[in-house]
Amino acid sequence: MANRDKNKKTLLELAKLPDNSCCADCGASDPDWASYNLGVFICLICSGTHRNLSSISRVKSIRLDFWDDELVQFMKLNGNGAAKDLYEKFVPVFYYRPQQHDCEVLREQWIRAKYERLEFKEDNKLRSYSSGLYEGLLWKKGKDNGQFLKRKFVLSEKDFSLKYYKKDESKGAKAIISIKNLNATFQPEKIGHANGLQITYLVDDHTRNLFVYHESGQEIVNWFNAIRATRFVYLKTAFPTATDDERCVCFPCKLIPWTTRNYLKEGFMEKTGPLQREPFKKRWFILDALDRKLLYFKTQMDAVELGVIFIGTEHHGYSVNECMPKGARGNKWKCGLAVGTPNRQFIFMCEQERERKEWVDALRHVISKPMLPQDYASKTYHI
């Protein structure tokens, strides 16, 4: 019993070391599980994926399970830093490293890529998602009936485009999408599939969405990283003096955050018209912090936005506050907030107080960020 307590104490101390204090796979703090043959400290959620790799990884709780002296010594000699040097030595700069709150498919495929497929142990290893041309079949949500239909997609670095085709490819691409303003983000809950991916792009200054998925988790993550790879090459071409130095905080030097990004906040709110006397209507809102845009759609699965509001800084006349509008008509929800711009005030209603606070906090976060040179060119409003 004394030896067991000693080993537990040793493991807990090892888990507090700087290299081990965050999960080796997603960065979650205070990991209390470990892979005792890979020598890494991981969180509870990532340990579930490791269990599915039983021929590669064996996991134990550092608090609840028994550890013999030999395993403890192995953890001493290894740890997250050593594993990173081995398994992540040649991760491409554009490759997305999942964080604690990312969806399951991203986390699982990152873990499998590292430990199962050993994708990053060798330099210059042939990776399909960084070849400059990626093509395959994806299930795409149809425009008319909302059903998902299988379509061929082609992503090309040569002309910085994403194309998709209907069954008869001889008629040419159904759409040719420029990489310039394209974004991709995983949306499993919204799309209703664990591998659901939302692709967003601009057409004549209006935002359009494609909703796609693939049955294979590896394939949809490959698509995601292929898009990031192509976007990264485009950004380096568009801004030749830029670097991918992670220490640099200015645009365009720090290109990686612009390859793809998750949206800061999404959800339903009610909105009224510019006179604030029109009936409130329920709309799906997306706050894009990087582009400083608050977009809204009729539903969360709409292909085209109904409007967009640019969110500037307080210095430029932007604000957000809780409010209760007078003379409101048709609103079912009672938790109001007002977004002030130099041109007008927008009134929105949230269903719950918690949701209002989240929206206010998110909008204030954007307002508090200094505007960058490219932001001045995108100050557009489609009400």
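Higher on the page you've got the structure.
Here's a quick rundown of the structure. These numbers come from a predicted model, not from an experiment. For every chain, the first residue of the written sequence is number 1, and numbering continues from 1 onward in sequence order. The predicted origin of the model limits local features to residues at a pLDDT of at least 70 and limits the giving and counting of side-chain atom pairs to 80 or more, whereas totals for whole chains, interfaces and linings rest on all residues. Hydrogens are left out, water is left out, and the side-chain values use all remaining heavy atoms of the structure.

Regarding the side chain of Glu-119
For clarity, the cut-off: Each helix is a run of DSSP H or I of at least 4 residues and each strand a run of E of at least 2, with the numbering of both proceeding from the N terminus. Pairs of N or O atoms are called polar contacts if they sit within 3.5 Å, as long as, within protein, a hydrogen donor faces a hydrogen acceptor (for residues adjacent in sequence, only side-chain-to-side-chain pairs).
Here Glu-119 shows up in the loop between helix H5 (104–116) and strand E4 (133–141). Polar side-chain contacts of Glu-119 include one of 2.7 Å to the side chain of Arg-117. Side-chain polar atoms of Glu-119 contact the side chain of Tyr-129, separated by 2.6 Å.

Some points on the packing of helix H2 (residues 44–51) against H5
Heads up, the condition is: For helices, the axis comes from a line fit to the C-alpha atoms of the stretch in contact; other axes are also lines fit to C-alpha atoms, and the angle between any two N-to-C directions lies between 0 and 180 degrees. Each angle receives one of four descriptions, namely roughly parallel if under 35 degrees, roughly antiparallel if over 145, roughly perpendicular if within 65 to 115, and oblique otherwise. A crossing counts as left-handed when the near helix is turned anticlockwise from the far one by less than a right angle, and as right-handed when that turn is clockwise. Note on contacts: a residue pair is in contact if any heavy atoms of the two residues lie within 4.5 Å. Amino acids outside the nonpolar list (Ala, Val, Leu, Ile, Met, Phe, Trp, Tyr, Cys, Pro) and the charged list (Asp, Glu, Lys, Arg) are all regarded as polar, and Gly is one of them.
At a closest axis distance of 10 Å, the pairing of H2 and H5 adopts a crossing angle of 55°. As the angle between them shows, H2 and H5 are arranged oblique. The chirality of how H2 crosses H5 is right-handed. Contacts from Ile-45, Cys-46, Thr-49 and His-50 of H2 reach H5 at Arg-107, Glu-108, Ile-111 and Tyr-115. Residues of the contact of H2 with H5, tallied by class, amount to four nonpolar, two polar and two charged.

Looking at the nonpolar core
Among soluble globular proteins, nonpolar side chains are generally buried collectively. Keep this limit in mind: In plain words, nonpolar cores are sets of buried Ala, Val, Leu, Ile, Met, Phe, Trp, Tyr and Cys residues tied together by side-chain atoms within 4.5 Å. When accessible area is computed with a 1.4 Å probe and restricted to protein chains, residues below 20% of their type maximum are described as buried, those above 50% as exposed, and intermediate ones as partly exposed.
Of all hydrophobic cores here, the largest spans 42 residues; its most connected members are Tyr-95, Phe-153, Leu-155, Leu-162, Phe-186, Leu-197 and Ile-199. Tallying contributions element by element places helix H7 (residues 217–238) first for this core, with 10 residues. The contacts of Tyr-95, once residues within four sequence positions are left out, are Gln-109, Trp-110, Ala-113, Glu-119, Phe-120, Tyr-129, Val-221, Asn-225 and Arg-228. Leu-294, Phe-310, Ile-311 and Tyr-318 belong to the second-largest nonpolar core, a separate cluster that totals 24 residues.

Some details on the packing of aromatic side chains
The criterion, for reference: For Phe, Tyr and Trp, rings pair up if their centres lie within 6.5 Å, where Trp contributes its six-membered ring, and each pair is then called stacked (planes under 30 degrees apart), edge-to-face (over 60) or tilted (otherwise). For a Lys NZ or an Arg CZ to count as sitting over a ring, it must be within 6 Å of the ring centre and within 35 degrees of the ring normal.
Going through the model one piece at a time under the given rule, you end up with 21 aromatic pairs. With a centroid separation of 5.0 Å and an interplanar angle of 75°, the aromatic rings of Tyr-87 and Tyr-115 are classed as edge-to-face. Placement of Tyr-87 in helix H4 (residues 80–87) and of Tyr-115 in helix H5 is noted, with a sequence separation of 28 residues between them. Tyr-115 sits in the buried class, given a relative accessible area of 5%. On the numbers, 5.8 Å between centres and 35° between planes, the contact of Tyr-95 with Trp-110 is tilted. Here Trp-110 lies in helix H5 and Tyr-95 lies in the loop between H4 and H5, a separation of 15 residues in the sequence. Cluster of aromatic residues (ring-pair linked, three or more members): Phe-94, Tyr-95, Trp-110, Phe-120 and Tyr-129. Its guanidinium or amino end placed over the ring of Tyr-36, Lys-60 lies 5.5 Å from that ring's centre, counting from NZ or CZ. In this arrangement the basic side chain of Lys-282 is found over the ring face of Phe-268, its NZ or CZ atom lying 4.5 Å from the centre.

Remarks on a positive patch on the surface
What counts here: A patch consists of residues exposed above 30% relative accessible area that lack any salt bridge, with like charges linked at up to 9 Å and nonpolar side chains (Val, Leu, Ile, Met, Phe, Trp, Tyr) linked at up to 5 Å. Surface exposure here means Shrake-Rupley accessible area, sampled with a 1.4 Å probe, where a residue is shielded only by the protein chains that are shown. Think of a salt bridge as a Lys or Arg side-chain nitrogen and an Asp or Glu carboxyl oxygen that are within 4 Å of each other. Positive: Lys, Arg. Negative: Asp, Glu. His and the chain ends are not part of the count. Positions of charges follow a simple convention, taking NZ of Lys, CZ of Arg, CG of Asp or CD of Glu.
Taken together, the side chains of Lys-143, Lys-166, Lys-171 and Lys-174 define a basic patch exposed on the protein surface. Among the structural elements, Lys-143 can be located in the loop between E4 and strand E5 (148–156). The class of Lys-143 is exposed, set by a relative accessible area of 72%.

A few points about helix H3 (residues 69–77)
For the record, the criterion: Here the arc refers to the set of directions running from the helix axis out to each C-beta atom.
Taken together, the buried positions of H3 are Leu-71, Val-72 and Met-75. For H3, the angular spread of the buried residues around the axis is 100°, confining them to a single face. Of the residues in H3, the exposed ones pointing more than 90 degrees away from the buried face are Glu-70 and Leu-77. With its phi angle positive at about 100°, Gly-79 sits one or two positions after the end of H3.

Observations regarding the pairing of strand E14 (residues 307–310)
Within a regular strand, the side chains alternate between the two sheet faces. Filter applied, for reference: Two strands pair under a simple rule: DSSP has to find at least two bridges between them.
Burial of E14 is two-sided: the residues Gly-307 and Ile-309 facing one way and the residues Val-308 and Phe-310 facing the other way are all buried. Bridging between strand E13 (residues 293–297) and E14 involves four bridges; their strand directions are antiparallel. Each residue of the ladder has a partner; that of Tyr-296, found in E14, is Gly-307.

Digging into unusual backbone geometry
Phi angles above zero are rare outside glycine, and Asp-30 is one such case at about 55°. For Asp-30, a relative accessible area of 63% gives the class exposed. Located in the positive-phi region is Asp-205, a residue other than glycine, with phi close to 70°. Here Asp-205 shows up in the loop between strand E9 (197–203) and strand E10 (206–213).

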